[in-house]
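Breakdown of the fold
One letter stands for each residue in the lines below.
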Amino acid sequence: MKKSLRIGIAGLGNVGTGVVKVIQKHGRDLELRSGRKISIVAVSARSRKKQRAVKLSAYEWVNDPLDLVNHQGIDVIVELMGGAEGAAYDLVVAALMAGKHVVTANKALLAHHGHELALLAEKQKVSLYFEGSVAGGIPAIKALREGFAANDVECVRGILNGTCNYILTEMRETGRDFKDVLKEAQAKGYAEADPSFDVDGIDAAHKLSLLTSLAFGVKPDIGKVETTGISHITATDIKHATELGYRIKLLGMCRRLGAQIIQSVEPCLVPEQSALGAVNGVLNAVQVEGDFVGQGWLVGRGAGEGPTASAVVADLIDIARGHHVPVFGIPAKTMKAGKWVSADALTGHFYMHVIVKDQPGMLAKIAEILRDHKVSVEAVIQRGRDPGKPVSIVMTTHKVRQADLRKAAHMIGKLPLVSGKPCVMRIEQV
Ligand SMILES: NC(=O)c1ccc[n+]([C@@H]2O[C@H](COP(=O)([O-])OP(=O)(O)OC[C@H]3O[C@@H](n4cnc5c(N)ncnc54)[C@H](OP(=O)(O)O)[C@@H]3O)[C@@H](O)[C@H]2O)c1
């Protein structure tokens, strides 16, 4: 047997504790699979006094995570503190500079500094692995970087945030509104006290930017992900989408359009019977379309202690085996800035929900605006007739340019009897 792979863990929260548990429980099997033992040498967190759900007495404690880097007996730094800047960034840079491998689950760090860190890791000839940062236990990174590496990828779609998927699923199953379901999700621990990172789509955007880099060999660019959250989705939207045979999902999507690339995170309709339509609750999914492989699917638990720790330890096994690949699948110095284009360049079918005061001629006015913007309507649902009261008009379109539909929706939103902005969502034929 080779000498053991010696690790130092910075961060003993949900994921860090999970990693300790996996290594303590499966030590012997990990040794057989890796060809060497994976040994925790030292750990670090903010508070030494905090009660943790694992026994740590066998490991050295260091107060400053940077001391893990200076420790002569450590080969790999496992960064599980979180945050795009500060302690996590300083630790990862210091570790790579010192020629130590790094494993992290920190999507914010990689989304903001991925290319710079990849350049440094490759210069230092060490690994920087981040499987836990996207879709938790689902091996989406490895699949794109290695399993699908023979293909030209056309498109990647993902349900990348379990909190949003849980909320949308609950809204559909119970008919309740967003705010009500969010409150319950917070009480159950599925949503943070400040949920904006999840429900505004930022977390999914971080993850998508990494999938884009792996799929298309471009530098991660979080600033170029068009991001819309789910807080404007109403129980009525969910009900109408269901009646039309669709599910509403917060979809992360990156797609090639000629030489350009679209990156978007937004609520979309997907057919109820499709593979993505069947991904409910806190589950995540990633779908890859490649020129030789066709469509490939990965589904599973996208967050939480167990799934994320499983991904982090899988990265450690790769390092222990001596499996070394470029951080984003191609040498970092060959990665270019993406040529980005807005999702408005897409053509497709759309859903639009408008709330209007029921007055004669309203539908005709809306139809006129749509016609002027070359939007042709496929189906219309108008529920209830109560003169002077608000009613919902829901329509689906034939194939149109997203830009045209958005302009039309903007004009419709300005009509005096229309209340609020029309809700527009793309129908993704997955
Ligand atoms: N939770 C998930 O389901 C999940 C899924 C995928 C990816 N991730 C990523 O995994 C990482 C960790 O997430 P988590 O949920 O485990 O977070 P967490 O529960 O908040 O734990 C963070 C840990 O880092 C320690 N820490 C924070 N700042 C520190 C500092 N300046 N110096 C030393 N230690 C510090 C904390 O110490 P104390 O315990 O002493 O406060 C805590 O142990 C994040 O990047 C997150 O985005 C999480």
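Let me begin by describing the structure that accompanies this report. (Residues numbered from 1 in each chain as written. Predicted model: local features only at pLDDT ≥ 70, side-chain atom pairs only at ≥ 80, totals over all residues. Heavy atoms only, no water.)

**As for the environment of Gln-186**
Topologically, Gln-186 is positioned in helix H7 (residues 178-188). Since its relative accessible area comes to 28%, Gln-186 is described here as partly exposed. Spatially, the C-alpha atoms of Gln-186 and Leu-96 are 37 Å apart, while their sequence positions differ by 90 residues. Setting aside anything within four residues of it in sequence, one finds Gln-186 in contact with Ala-191, Glu-192, Ala-193 and Pro-195. Polar side-chain contacts of Gln-186 include one of 3.0 Å to the backbone oxygen of Glu-192. (Helix = DSSP H or I, 4+ residues; strand = E, 2+ residues; numbered from the N terminus. Buried < 20%, exposed > 50% of the residue type's maximum accessible area, 1.4 Å probe, protein only. Contact = heavy atoms within 4.5 Å. Polar contact = N/O pair within 3.5 Å; in protein donor to acceptor, adjacent residues only side chain to side chain.)

**As for the environment of Val-76**
Note on placement: Val-76 falls in strand E4 (residues 76-79). By relative accessible area, Val-76 is classed as buried at 0%. Considered as a pair, Val-76 and Leu-5 are 71 residues apart in the sequence and their alpha carbons are 7.6 Å apart. If we skip the residues at most four places from it in the chain, Val-76 touches Leu-5, Arg-6, Ile-7, Gly-8, His-101, Val-103, Leu-316 and Ile-319.

**Some thoughts on the pattern of salt bridges**
Taken as a whole and assessed by the stated rule, the structure comprises 20 salt bridges. The closest approach of N and O atoms between Lys-107 and Asp-203, which form a salt bridge, is 3.4 Å. Separated by 96 residues along the polypeptide, Lys-107 in helix H4 (residues 107-123) and Asp-203 in helix H9 (residues 202-216) bring together distant segments of the chain. When the shortest N-O distance is used, the salt bridge between Arg-176 and Asp-180 registers 3.8 Å. By relative accessible area, which is 22% here, Arg-176 ends up partly exposed. We classify Asp-180 as partly exposed; its relative accessible area is 38%. (Salt bridge = Lys/Arg side-chain N within 4 Å of Asp/Glu carboxyl O.)

**Some details on the packing of aromatic side chains**
Here the structure, examined in full by the defined rule, presents 2 aromatic pairs. Ring plane angle 50° and centroid distance 5.4 Å describe the contact between Phe-130 and Phe-328, whose orientation is recorded as tilted. With Phe-130 in the loop between strand E6 (128-129) and helix H5 (140-147) and Phe-328 in the loop between helix H11 (305-321) and strand E13 (347-357), this pair connects stretches of sequence that are 198 residues apart. Here Phe-130 matches Phe-328 in class, with each residue buried. Summarising the aromatic geometry, the rings of Tyr-166 and Tyr-190 are spaced 4.7 Å apart at their centres and angled 70° between planes, so their arrangement reads as edge-to-face. Of this pair, Tyr-166 sits in helix H6 (residues 162-174) while Tyr-190 sits in the loop between H7 and helix H8 (196-199), placing them 24 residues apart in sequence. (Phe/Tyr/Trp six-rings, centres within 6.5 Å; stacked < 30°, edge-to-face > 60°.)

**Here we look at the pairing of strand E11 (residues 283-290)**
Within E11, 7 of the 8 residues are buried, which leaves it mostly tucked inside the rest of the structure. Note that strand E7 (residues 153-159) and E11 share 6 bridges and pair antiparallel. If you follow Ile-159 over to E11, its bridge partner there is Ala-285. Pairing analysis gives 8 bridges linking E11 to strand E12 (residues 294-301), with the strands arranged antiparallel. Paired with Asn-284 across the strands is Gly-300, a residue of E12. A loop of 3 residues connects E11 with E12, the two strands running antiparallel in sequence. (Pairing = 2+ DSSP bridges.)

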